[in-house]
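Inside the fold
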Amino acid sequence: MSRVTLSRYLIEETRSNHTPADLRFLIEVVARACKAISHQVSKGALGGVLGSADSENVQGEVQKKLDVLSNEILLEANEWGGHLAGMASEEMDHAYQIPGQYPKGAYLLVFDPLDGSSNIDVNVSVGTIFSVLRCPDDYDGDGHLGDDAFLQSGTRQVAAGYAIYGPQTMLVLTLGYGVKGFTLDRELGSFVLTHEDMQVPASTAEFAINMSNQRHWEAPVKRYVDELLAGKQGPLGKNYNMRWIASMVADVHRILTRGGLFMYPRDGRDPSMPGKLRLMYEANPMAMIIEQAGGAATDGVQRILDIEPTSLHQRVPVFLGSREEVERVTSYHRAD
Ligand code: AHG
Ligand code: MN
Ligand code: MN
């Protein structure tokens, strides 16, 4: 059987599902950038890419060298191709302008260039998360793209995906009709379709949460996690296992592979931060992927994809994964 590469898959999608050619090109370019990031990540200490970059991003987080490098790789790969009206990233305060000498296109690309930065130096899986939106037709920024062009709900994403840099490098992608997984064949230099139809099982006995924040959680989350921990003798009547990788990409990838529930709830540590994860380039793309794989994603109250964003780096609580458990923890919030 001949192998289906990402390029071939995208060409077939353009033919049969009306994925526009410029969107196909955009995804190809993002995939190429992810290959380059994968290469840099894999060099580790040999490439001098570990450690901090002596700078902070807009969110006051110390940037790692690989955060900065990955951001540059994505910007440079995507700025000249004529498929984008602009880009936004975790690592940049505001929208990135396509340089004047290059043509502009119909789409907006938003990304977390390197997710799970705290895991880089300890050789644990990290990844890249991306979301594709359309630039509003009536957008008139006087030649300058403002952050407001990006403030669209997740339901308006035309594509979302992530690359995971782990024992294997994979690209997981949705164009709005199911979720496909591609594994990087390093000898071929191409992503090859290996996971035809990724599905999140409806029920699970595995959850993921940073338990060290327990004392800061709100009542519904405390109640729910207490019930999970009570196991077979508790109200849920089964024993649950726990995993926490601290790279959202890796936790979500596990859930897409064998089910589970991922939680990063709002907590009381800093009242100005309603959760840790960012809506535009973490929660929204992952919510689209999880929903497309038959799972669910809420902020505890409403569907993540329905949230109307108010700022580029907005944070939200996140509950996503197997449908039954997301519905249960969401119902506890609603009852509160
Ligand atoms: P980033 O490295 O892009 O800032 O994201 C890290 C995020 C996410 O990947 C992960 O799920 C979470 O932070 C881990 O948080 P804790 O450090 O609280 O475990
Ligand atoms: Mn992240
Ligand atoms: Mn990041």
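Residues numbered from 1 in each chain as written. Chains lettered and ligands numbered in written order. Predicted model: local features only at pLDDT ≥ 70, side-chain atom pairs only at ≥ 80, totals over all residues. Heavy atoms only, no water.

Digging into the coordination of the manganese ion (ligand 3)
Taken together, Glu90 (OE), Asp112 (OD) and Leu114 (O) make up the full set of protein donors to the manganese ion (ligand 3), lying 2.2 to 2.3 Å away. One chain supplies every donor to the manganese ion (ligand 3), and in sequence these donors are spaced E-x21-D-x1-L. The manganese ion (ligand 2) is placed at 3.8 Å from the manganese ion (ligand 3), the two being bridged by Asp112. Of this pair, Glu90 sits in the loop between strand E3 (84-89) and strand E4 (107-115) while Leu114 sits in strand E4, and the two are 24 residues apart along the sequence. The burial state of Glu90 is the same as that of Leu114; both residues are buried. (Donors = N, O, S within 2.8 Å, 3.2 Å for Na, K, Ca; no water. Helix = DSSP H or I, 4+ residues; strand = E, 2+ residues; numbered from the N terminus. Buried < 20%, exposed > 50% of the residue type's maximum accessible area, 1.4 Å probe, protein only.)

Overview of the coordination of the manganese ion (ligand 2)
Every protein donor of the manganese ion (ligand 2) is listed here as Asp112 (OD), Asp115 (OD) and Glu282 (OE), and their distances to the metal cover 1.9 to 2.1 Å. Linear spacing of the donor residues for the manganese ion (ligand 2) on their chain is D-x2-D-x166-E.

Overview of the site of ligand 1
Taken together, 17 residues form the shell around ligand 1, and within it Asp115, Gly116, Ser117, Met248 and Tyr264 come nearest. Side-chain polar atom of Asp115 to an oxygen atom of ligand 1: 2.7 Å apart, as the coordinates give it. Within the side chain of Tyr264, a nitrogen or oxygen atom sits 2.6 Å from an oxygen atom of ligand 1. Out of a free accessible area of 480 Å², ligand 1 has 87% covered by protein chains. Mapped onto the shell around ligand 1, the elements with two or more residues apiece are E4, strand E12 (261-264) and strand E13 (277-278). For the shell around ligand 1, the element with the most residues is E4, which contributes 3 residues. Its residues assigned to classes, the shell around ligand 1 shows 7 nonpolar, 4 polar and 6 charged. Among the domains, domain 1 (6-195) and domain 2 (206-335) are the pair contributing at least three residues each to the shell around ligand 1. (Near = heavy atom within 4 Å. Polar contact = N/O pair within 3.5 Å; in protein donor to acceptor, adjacent residues only side chain to side chain. Areas by Shrake-Rupley, 256 points an atom, 1.4 Å probe, with all protein chains shown as cover. Nonpolar A, V, L, I, M, F, W, Y, C, P; charged D, E, K, R; others polar. Domains from an automatic or database assignment.)

A look at the packing of aromatic side chains
Counted according to the given criterion, the structure contains 4 aromatic pairs. Ring plane angle 55° and centroid distance 5.4 Å describe the contact between Tyr9 and Phe182, whose orientation is recorded as tilted. Residue Tyr9 is located in helix H1 (residues 6-16), and its partner Phe182 is located in strand E8 (residues 180-185); the two are separated by 173 residues in the primary sequence. With 5.9 Å between their ring centres and 55° between their planes, Trp244 and Tyr264 make a pair best called tilted. Of this pair, Trp244 sits in the loop between strand E11 (241-242) and helix H5 (248-258) while Tyr264 sits in strand E12; the two residues are 20 residues apart in sequence, bridging distant segments of the chain. The partly exposed category is assigned to Trp244, whose relative accessible area is 25%. (Phe/Tyr/Trp six-rings, centres within 6.5 Å; stacked < 30°, edge-to-face > 60°.)

Details of the domain arrangement of the protein
Assigned domains within the protein: domain 1 (6-195) and domain 2 (206-335). One C-alpha centre belongs to domain 1, the other to domain 2, and the line joining them spans 24 Å. Summed over both sides, the interface between domain 1 and domain 2 buries roughly 2,800 Å², with carbon and sulfur atoms accounting for 64% of that surface. Summed over the three residues of domain 1 that lose the most area to domain 2, namely Ile129, Leu151 and Tyr162, the buried surface amounts to 20% of that side. Our enumeration of links across domain 1 and domain 2 arrives at 3 salt bridges. Between Arg315 and Glu61 there is a salt bridge, with the nearest N and O atoms lying 3.9 Å from each other. (Buried area = accessible area lost by both parts, 1.4 Å probe. Salt bridge = Lys/Arg side-chain N within 4 Å of Asp/Glu carboxyl O.)

What about the sheet that holds strand E16 (residues 318-321)?
Read from one edge to the other, the open sheet built from 5 strands follows the order E11-E10-E12-E16-E14, with strand pairing classed as mixed. The open sheet is flanked by E11 and strand E14 (296-298), the only strands paired with a single partner. Inspection of the sheet shows strand E10 (residues 206-208) paired to E12 by 2 bridges, in the parallel sense. Each residue of the ladder has a partner; that of Ala208, found in E12, is Phe262. Taken strand by strand, H5 contacts E10, E12 and E16, and its axis lies near 35° from that of E16. Lying over the sheet, helix H7 (residues 323-335) contacts E12, E14 and E16, oriented at roughly 155° with respect to E16. (Pairing = 2+ DSSP bridges. Contact = heavy atoms within 4.5 Å. Axes fitted to C-alpha atoms, helices over the stretch in contact; angles between N-to-C directions.)

Focus: the sheet that holds E3
As summarised here, the arrangement of the 7 strands in space is E3-E4-E5-E6-E7-E8-E9, forming an open sheet in which the pairing is mixed. The open sheet is flanked by E3 and strand E9 (190-195), the only strands paired with a single partner. Averaged over all adjacent pairs, the angle separating strand axes in this sheet is 20°, with direction ignored. The pairing of strand E5 (residues 126-134) with strand E6 (residues 159-165) spans 7 bridges and is antiparallel. Considered in E6, the bridge of Gly127 is made with Ile164. Its contacts with the sheet place helix H3 (residues 65-78) against E3, E4 and E5, and it is angled at close to 155° to E4.

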